[in-house]
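Next come the chains, spelled out residue by residue.
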Amino acid sequence: MCKKLLQERAAGQRLNIIIVAEGAIDREGVPITAEKVKNIVVDTLKQDTRITVLGHVQRGGSPSAFDRVLGCRMGAEAVMALMEATPDTEACVVSLDGNQAVRLPLMECVEKTKAVAKAMADKQWELAVQLRGRSFARNLETYKMLTRLKPPKSAFDEEGRGMEGYTVAVMHIGAPACGMNAAVRSFVRNCIYRGDTVYGIHDGVEGLVAGNVQVMKWSDVTGWVGQGGAMLGTKRTLPNQRMPQIAARLKEFKIQALLIIGGFEAYQAGLQLTENRNTYPEFCIPIVIIPSTISNNVPGTEFSLGCDTALNEITEICDRIRQSAQGTKRRVFIIETMGGYCGYLATVAGLAGGADAAYIYEEKFSIKDLQQDVYHMASKMAEGVQRGLILRNEKCNDNYNTDFIFRLYSEEGKGLFSARMNVLGHMQQGGSPTPFDRNMGTKQAAKTVEWIIEQLKIHCKEDGSVYANTPESAVMMGVVRRQYRFTPLVELKKETNFEQRIPKHQWWLKLRPLLRILAKHDSTYEEEGMYMTVEEGTGSDTLVV
């Protein structure tokens with residue numbers, strides 16, 4: 001630890017943070033305390049050191065959007081489990097595995113927990129890590145690798161060249177979203193750790209055509225994990241007519257694999273490159289898309305980088321708007337969210353913020369539906385509810401826009417309640433990425449490197465050239481229920497509504513009835529849980545780090 005701190009100081013870093021778990025112990029089972037760590041740093045390095053004990057501060061604060069939605073889903077699933085239970089039904093634990101609600105036998109969970117404690121008491125550290133699950137072990141190894149100050153010497157030969165020698169590139173296409181930088185950092189360091197060369201392409205397709213490409217070093221991505229936006233720069237420009245110039249640049253830099261991090265435009269760009277492989281052999285390389293957009297409108301995945309941060313921004317803003325009218329009696333807020341034609345933000349933010357209604361493009365509504373919601377709001381006000389919240393997706397309806405809904409509620413609510421309107425705009429894109437987006441970007445990029453190396457070993461020829469022209473060599477890296485999945489782009493094409501830029505099937509639509517039930521509307525919610533054993537649960541690479 002002290003050696004690493006010295007190296008970081010020598011590299012110019014003036015601040016170091018050491019986190020000590022309250023139950024930390026060394027290999028001999030002796031407790032490791034914050035005071036002990038401080039004394040070692042002070043005595044060995046003579047560096048000024050301070051201790052901060054977080055304590056119960058970690059328990060407080062407003063719940064995140066993810067925690068609120070998780071509570072709603074788990075509560076609904078628990079009700080379903082109770083309704084289905086019989087006197088002979090085994091007690092279960094309702095949990096979330098990736099994006100799949102699951103029911104685990106209670107006693108198996110207890111036995112697993114006791115097994116971990118016993119392994120640690122017996123000083124069988126590797127066994128304790130294994131009992132935590134494969135996902136935990138992989139996350140631990142990824143963390144150790146990413147927090148190195150520099151790559152290991154074994155990754156390079158005597159002349160400083162990478163041992164593996166593969167040349168890969170990373171770029172952004174589309175709007176900026178939180179989590180992009182965490183993914184780039186993880187990708188760059190995972191590749192360098194293996195001894196590969198990584199090119200960073202600035203400003204998307206335009207930057208590639210202009211030759212704005214640089215070799216990424218280990219230290220170049222230091223501190224990127226907590227940065228919002230896109231440090232490499234990103235633009236929405238698609239390849240289209242620039243295919244010859246793009247092919248020439250890929251050939252010039254001898255790029256053998258390409259990672260594109262971005263939104264729907266990144267997906268479209270990947271498709272265009274794949275469909276032009278027969279014309280341009282330079283595109284016959286492994287191509288991976290990591291979806292990164294606040295709209296969460298990319299097919300082949302249930303979550304995109306940035307959508308969790310955007311949800312937290314919307315939820316926090318809604319909380320502030322409600323708080324601003326705490327002393328105001330009977331007021332309804334009409335709030336417009338982003339997302340294009342995708343209603344993910346409006347729906348899930350509505351569930352997290354306790355909205356009374358959320359209007360989206362995917363679920364058609366008429367003036368009668370609006371009128372019914374106004375009457376429903378009036379009846380709730382009569383029962384003592386003081387404030388109402390209505391969310392509207394920006395493109396849910398061309399005619400029933402935000403101003404129209406605001407005027408409708410204002411007119412129909414005269415004498416019962418007043419209405420206010422707020423368009424959130426680009427505030428939803430800003431902010432620091434949430435731990436969820438940081439961890440997901442880090443893990444997705446690490447898995448992407450593994451996939452790319454597997455593909456290169458299959459398609460790389462003896463002369464070092466790569467020719468990958470199979471559908472499986474151009475994929476979308478997505479989260480699908482309980483696992484990370486690489487889906488060929490050509491398969492996703494038939495699952496996509498290109499006119500509205502949304503997938504034809506979206507998992508979160510099943511949360512719509514839950515939103516209406518919690519707002520005291522009549523609706524029917526279908527269970528999503530599945531019964532499984534603890535062994536089945538720990539065998540998969542789950543989403544949560």
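Residues numbered from 1 in each chain as written. Predicted model: local features only at pLDDT ≥ 70, side-chain atom pairs only at ≥ 80, totals over all residues. Heavy atoms only, no water.

> How would you summarise the packing of aromatic side chains if you had to cite specific residues and measurements?
Taken as a whole, this structure holds 16 aromatic pairs when the rule is applied. Here phenylalanine 303 and phenylalanine 436 contribute two aromatic rings whose centre-to-centre distance is 5.8 Å and whose plane-to-plane angle is 70 degrees, an arrangement assigned as edge-to-face. Separated by 133 residues along the polypeptide, phenylalanine 303 in the loop between β7 (287-291) and α11 (307-324) and phenylalanine 436 in helix α15 (residues 435-459) bring together distant segments of the chain. Taken as a pair, phenylalanine 303 and phenylalanine 436 share a single burial class, namely buried. Aromatic rings pair up to connect Phe66, Phe303, Tyr344, Phe436, Trp507 and Trp508 into one cluster. Positioned above the aromatic ring of tyrosine 361 is the side chain of lysine 364, whose terminal nitrogen or guanidinium carbon lies 3.5 Å from the ring centre. (Phe/Tyr/Trp six-rings, centres within 6.5 Å; stacked < 30°, edge-to-face > 60°. Helix = DSSP H or I, 4+ residues; strand = E, 2+ residues; numbered from the N terminus. Buried < 20%, exposed > 50% of the residue type's maximum accessible area, 1.4 Å probe, protein only. Lys NZ or Arg CZ within 6 Å of the ring centre and 35° of its normal.)

> Before we move on, could you go through the pattern of salt bridges and cite the residues and values that matter?
Tallying each qualifying case throughout the model produces 19 salt bridges. Residues glutamate 275 and lysine 493 are paired through a salt bridge, measuring 2.7 Å at the closest nitrogen-oxygen approach. Placement of glutamate 275 in helix α10 (residues 264-275) and of lysine 493 in helix α16 (residues 489-493) is noted, with a sequence separation of 218 residues between them. Under the relative-accessibility criterion, lysine 493 is labelled partly exposed at 39%. The network of salt bridges with shared partners includes Glu77, Glu84 and Arg103. (Salt bridge = Lys/Arg side-chain N within 4 Å of Asp/Glu carboxyl O.)

> Can you explain empty space enclosed by the protein? Please cite residues and give values.
Taken as a whole, this structure holds three cavities of 30 Å³ or more when the rule is applied. Of the voids in this model, the largest cavity is the one considered here, and its volume is about 160 Å³. Around the largest cavity, the lining comprises 15 residues; the ones closest to its centre are Phe66, Val69, Phe303, Tyr344 and Val348. Broken down by element, the residue count for the lining of the largest cavity peaks at five residues, all from helix α3 (residues 65-84). The residue inventory of the lining of the largest cavity, partitioned by class, reads 12 nonpolar, one polar and two charged. Looking at which domains feed residues into the lining of the largest cavity, each of domain 2 (153-305 + 434-507) and domain 3 (307-430) gives three or more. (1 Å grid on protein atoms, 1.4 Å probe; cavity = no way out; pocket = protein on both sides within 12 Å on 5 of 7 lines; lining within 4 Å. Points joined across faces, edges and corners; volume = space filled by probe spheres on them. Nonpolar A, V, L, I, M, F, W, Y, C, P; charged D, E, K, R; others polar. Domains from an automatic or database assignment.)

> Residue-level account of the layout of surface pockets, with values.
Its boundaries defined by the atoms lining it, the second largest pocket holds a volume of some 1,000 Å³. Lining of the second largest pocket is provided by 29 residues; of these, Ile18, Ile19, Val20, Ala34 and Thr52 occupy positions nearest its centre. Those elements giving two or more residues to the lining of the second largest pocket turn out to be α1 (2-10) and α2 (34-45). When residues of the lining of the second largest pocket are assigned to their parent elements, the largest contribution, four residues, is made by α2. Grouping the constituent residues of the lining of the second largest pocket by class yields 14 nonpolar, eight polar and seven charged.

> Residues and numbers for the UniProt feature "domain: Phosphofructokinase" (unreviewed entry) in the protein chain, please.
Following the UniProt record, the feature "domain: Phosphofructokinase" (unreviewed entry) maps to residues 1-81 and 168-452 here. In this annotation, residues 1-81 is assigned 47% helix and 0% strand; the end-to-end C-alpha distance for the span is 48 Å. (UniProt positions renumbered as here; feature names shortened; annotations may be inferred.)

> Report on the domain arrangement of the protein chain, specifying residues and quantitative values.
Its domain assignment divides the protein chain into domain 1 (1-57), domain 2 (153-305 + 434-507) and domain 3 (307-430). Placing a centre on the C-alpha atoms of domain 1 and another on those of domain 2 gives a separation of 36 Å.

> Lay out the sheet that holds strand β9 (residues 357-359) in plain terms, naming residues and giving numbers.
Read from one edge to the other, the open sheet built from four strands follows the order β9-β10-β8-β11, with strand pairing classed as parallel. Each edge of the open sheet carries a strand with a single partner, namely β9 and β11 (418-423). Adjacent strand axes in the sheet meet at a mean angle of 20 degrees, parallel and antiparallel pairs treated alike. Along the sheet, helix α12 (residues 344-353) contacts β8 (331-337), β9 and β10 (387-393); its crossing angle with β10, the most-contacted strand, is approximately 165 degrees. Lying on the sheet, helix α13 (residues 367-382) is in contact with β8, β9 and β10; it crosses β10 at an angle near 160 degrees. (Pairing = 2+ DSSP bridges. Axes fitted to C-alpha atoms, helices over the stretch in contact; angles between N-to-C directions. Contact = heavy atoms within 4.5 Å.)

> How would you summarise the nonpolar core if you had to cite specific residues and measurements?
Counting residues in hydrophobic clusters, the biggest one holds 106 residues, and the most contacted among them are Phe187, Val198 and Tyr344. It is α15 that contributes the most residues to this core, eight residues altogether. Both domains that furnish three or more residues to this core are identified here as domain 2 (153-305 + 434-507) and domain 3 (307-430). Among all residues touching valine 198, those that are not within four sequence positions of it are Val168, Val170, Phe187, Val188, Cys191, Ile192, Gln214, Val215 and Met216. (Core = buried A, V, L, I, M, F, W, Y, C linked by side-chain atoms within 4.5 Å.)

> Any details on the pairing of β10? Residues and values, ideally.
Among the seven residues in β10, six count as buried, and that is most of the element. In the sheet, β8 pairs with β10 via seven bridges, with the strands oriented parallel. Within β10, the residue paired with arginine 331 across the bridge is arginine 387. As judged from the three bridges shared by β9 and β10, these two strands associate in the parallel manner. Residue alanine 357 lies in a different strand from β10, and its bridge partner there is isoleucine 390.

> Would you mind going over unusual backbone geometry in detail, with residue names and values included?
Backbone geometry at lysine 46 places phi at a positive 60 degrees, although glycine is not the residue there. Checked against the element boundaries, lysine 46 lands in the loop between α2 and α3. In this structure, lysine 123 is a non-glycine residue whose phi angle is positive, near 60 degrees. Considering the arrangement of structural elements, one finds lysine 123 in the loop between α4 (106-121) and α5 (125-132).

> Which residues make up the packing of α11 against α12, and what values go with them?
It is at 9 Å that the axes of α11 and α12 come closest, and there the two elements cross at 50 degrees. Judged by the inter-axis angle, α11 sits oblique to α12. The chirality of how α11 crosses α12 is right-handed. Mapping the contact onto sequence places Cys307, Ala310, Leu311, Ile314, Thr315 and Arg322 in α11 and Tyr344, Leu345, Val348, Ala349, Ala352 and Gly353 in α12. Tallied by class, residues from the contact of α11 with α12 come to nine nonpolar, two polar and one charged. (Parallel < 35°, antiparallel > 145°, perpendicular 65-115°, else oblique. Left-handed = near helix turned anticlockwise from the far one by under 90°.)

> Account for the side chain of arginine 73, naming residues and giving values.
You can see arginine 73 is positioned in helix α3. For arginine 73, a relative accessible area of 3% puts it in the buried group.

> Would you mind going over the pairing of strand β6 (residues 257-262) in detail, with residue names and values included?
Of all the six residues making up β6, six are buried; the element is thus mostly covered by neighbouring parts of the structure. Side chains of β6 alternate between two faces, with Ala257, Leu259 and Ile261 and Leu258, Ile260 and Gly262 buried alike. Pairing between strand β3 (residues 167-173) and β6: six bridges, direction parallel. In the strand pairing of β6, valine 168 is matched with alanine 257. Bridging between β6 and β7 involves five bridges; their strand directions are parallel. If you follow leucine 259 over to β7, its bridge partner there is valine 288.

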